[in-house]
Amino acid sequence: MSNETMIPQTEPSGPEELSAPPEKKISRARRWLQKVLHDARTPVRLLFMLGPWVAYLCVEYLNENNPFTALNATQLLFSAFWYYLIFWVCRMLTGRLKTAAGVGAVFCFLLGVANHYVLKFRGRIIFPVDLMTLGTAANVATGYDFRPDKTVWLAAAILAVYLLLLALIPKQIKGRQKLRRVTAFGSLAASAVFLYAFFCTPLLPSVGIWAQQWKTQQNGFMLNFMTALRYSFVSAPDGYSAEEAQKIAGGTFAGTVSGTVSAAPPENLLVIMNESFADMQASFPNLELTEDPLPFLHSLTKNTVKGTMISPVTGGGTANVEFEYLTGDSLAFLPSSTVAYQLYCYDGMPSMVSQMSSLGYRSVAFHPYLSSGWNRTSVYRWMGFDRQMYQEDVRDPQYIRNYISDASDYQQLYRLTDETNGPLFVFNVTMQNHSGYSQGWNNLERAVELDGASKGSSAVAAQYFSLIRESDNAIRELIEHYKASDERTMIVFFGDHQPPLGNDFYEKLYGKKLDDRTAAEVFQQYETPFFIWANYDLPEQQDVTISANLLGTLTMDLAGIQPTGYEKLHQKLLDTLPVNSTVGFGKADGTLLGDTEESSLSQKEERLYNSYRIMAYNHLFDDGNHPKGYFGPAPTPEE
């Protein structure tokens, strides 16, 4: 066999083997990404989408918030909606993303700066009501120091970096950049749905968002402003019209109030709203304490009208009690969890203040704490107070815990009455008993403790009851001081609300969950004591029950001051529904109805209450159509 090399036989190369291998299939996502990365418009689009977050950072730093930790996820989501909406509106108006991004960022920055200085000078953020006083703000602006601080410089630096990035983007094609119809109509529809849900549905309370009124930065600036705006709209009650208000003012409920005292009013009318002052054992008889924290109050009977006031709030919300007392309006007619001082009061608003001023009284508002709380400085000015006093005006202040004591507070009243020539009206909001009740025992004796089954169960409650004993001692000194005065003096005293001692504490008092309470039991948590005392003859009365919105009318009646038309309507309510509040109704016979039981009122009671609702709306929201003189003289609005 011959040796031969075997050469494998192969087929000649065909045309298929000479062609390029098939391309790999590219996914749609990858194709889209490649398109985006090679699109010259991508940088400006990315910066436009980043813009609302840059605006958020600037505004919240200027709002003295940490933008990374101050808001929870829900608040952050709603805030983002508003910032994106602002940028989108700028896009629709300018027709160009780059221009819109710059305009939106600068607009939000300037808004943040304005809010920063309001927060700096007034201690709270901008509210919708401030938009009605821009002229006044401009008039007094020269009196403030607007030099930028480090927060303004930080926000300005963030804005500058963002604008620089926008400037580095190559110029785009001139002219408006049209949106596709799907994008335009889709964005408009989404915006409309969001705005409707935000302003016209219970969306906000369902997710736990309310307008923050005390620590006003809590929602973040943009969300809190818009939330306050949402609650600024109050619908007119059924049957309301300016003509109907005129009819009520001149009709059935315009009768004359019968005075209970002589026509000589006091020379000094001192109204004291005592912070968190409550007679807890009167409201909860099963509460056991080592001793009575209010022995002097309970002994006070001579020349005294006293009883229980039903507050519109419990545990907090002081400004709403002030509002009800000074105006005679009811919080029950306003959206839940709103504060009238922040949202609804206005310049030139008729109130007890303007009524007293028209009679020649010098009017003073006094609160021995920060002036920034609850928009008081503006509201007191709008109501016509001649003077406002705060903690910096207190001479030789004495403190209990971290607050000026009631006794020190009343020392200022003594000075005011001594130094004022002529009649004096003072509205005094104390501070001593303010929560929380774990601040230490500075200048506070452990005088009253929990006893019985609750003994030692709550250090917070123990501090509160010792504070109330100090308040009672201060009341004794107050009455003794004016007993010795030659000037006719009337003192109106009431607690604003019960203290926030915790749901667990109250549930032990009730012996049940708070959600399981009857209407009558709910009223217990809204009770505070009140008394009206004079150093001259006053018809004595005990066990009066009244809501805060009617207490001002009782004050005017006992002081012998001619009532306004509105107070005459209140007097009719005093005779029929002496309690009408956020909690419900209390009839003249003592029957209590919950806030959802209005349908149980008699036809006469319902008619009277509806008349009150209409006139309260007219007073608060339709000041251009007030029946002439019905609410008393109005203070002169600021120019």
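See the structure above.
Below or above, wherever it landed, is the structure these notes cover. (Residues numbered from 1 in each chain as written. Predicted model: local features only at pLDDT ≥ 70, side-chain atom pairs only at ≥ 80, totals over all residues. Heavy atoms only, no water.)

**Quick look at the environment of L592**
Turning to its location among the elements, L592 is positioned in strand β13 (residues 592-594). L592 gets classed as partly exposed once you look at its relative accessible area, which sits at 36%. Distance from L592 to N580, taken between C-alpha atoms, is 9.9 Å for residues 12 residues apart in sequence. Ignoring anything within four residues of it in the chain, the contact list for L592 reads A520, F523, F585 and G586. (Helix = DSSP H or I, 4+ residues; strand = E, 2+ residues; numbered from the N terminus. Buried < 20%, exposed > 50% of the residue type's maximum accessible area, 1.4 Å probe, protein only. Contact = heavy atoms within 4.5 Å.)

**Some points on the sheet that holds strand β12 (residues 584-586)**
Taken in spatial order, the three strands of this open sheet run β11-β12-β13, and their pairing is antiparallel. Pairing within the sheet leaves two strands with one partner each, and these edge strands are β11 (579-580) and β13. (Pairing = 2+ DSSP bridges.)

**Brief notes about the packing of aromatic side chains**
Following the criterion strictly, the structure yields 40 aromatic pairs and no others. Geometrically, the ring pair formed by F78 and F81 is edge-to-face, given 6.4 Å between the ring centres and 80 degrees between the ring planes. Taken together, the positions of F78 and F81, both in helix α4 (residues 73-94) and three residues apart, correspond to about one turn of that helix. Residue classification places F78 among the buried residues on the basis of a relative accessible area of 7%. Here F81 and F194 contribute two aromatic rings whose centre-to-centre distance is 4.9 Å and whose plane-to-plane angle is 45 degrees, an arrangement assigned as tilted. You can see F81 sitting in helix α4 and its partner F194 sitting in helix α8 (residues 181-200), a full 113 residues away along the chain. The class for F81 is partly exposed, based on a relative accessible area of 40%. Exposure remark for F194: the relative accessible area of 13% places this residue in the buried category. Of the aromatic side chains, those joined through ring pairs into one cluster are F333, Y566, F585, Y609, Y612, Y630 and F631. In this structure, R446 is placed above the aromatic ring of W441, and the distance from its NZ or CZ to the ring centre is 4.0 Å. Between the NZ or CZ atom of R488 and the centre of the ring of Y536, over which it lies, the distance is 3.8 Å. (Phe/Tyr/Trp six-rings, centres within 6.5 Å; stacked < 30°, edge-to-face > 60°. Lys NZ or Arg CZ within 6 Å of the ring centre and 35° of its normal.)

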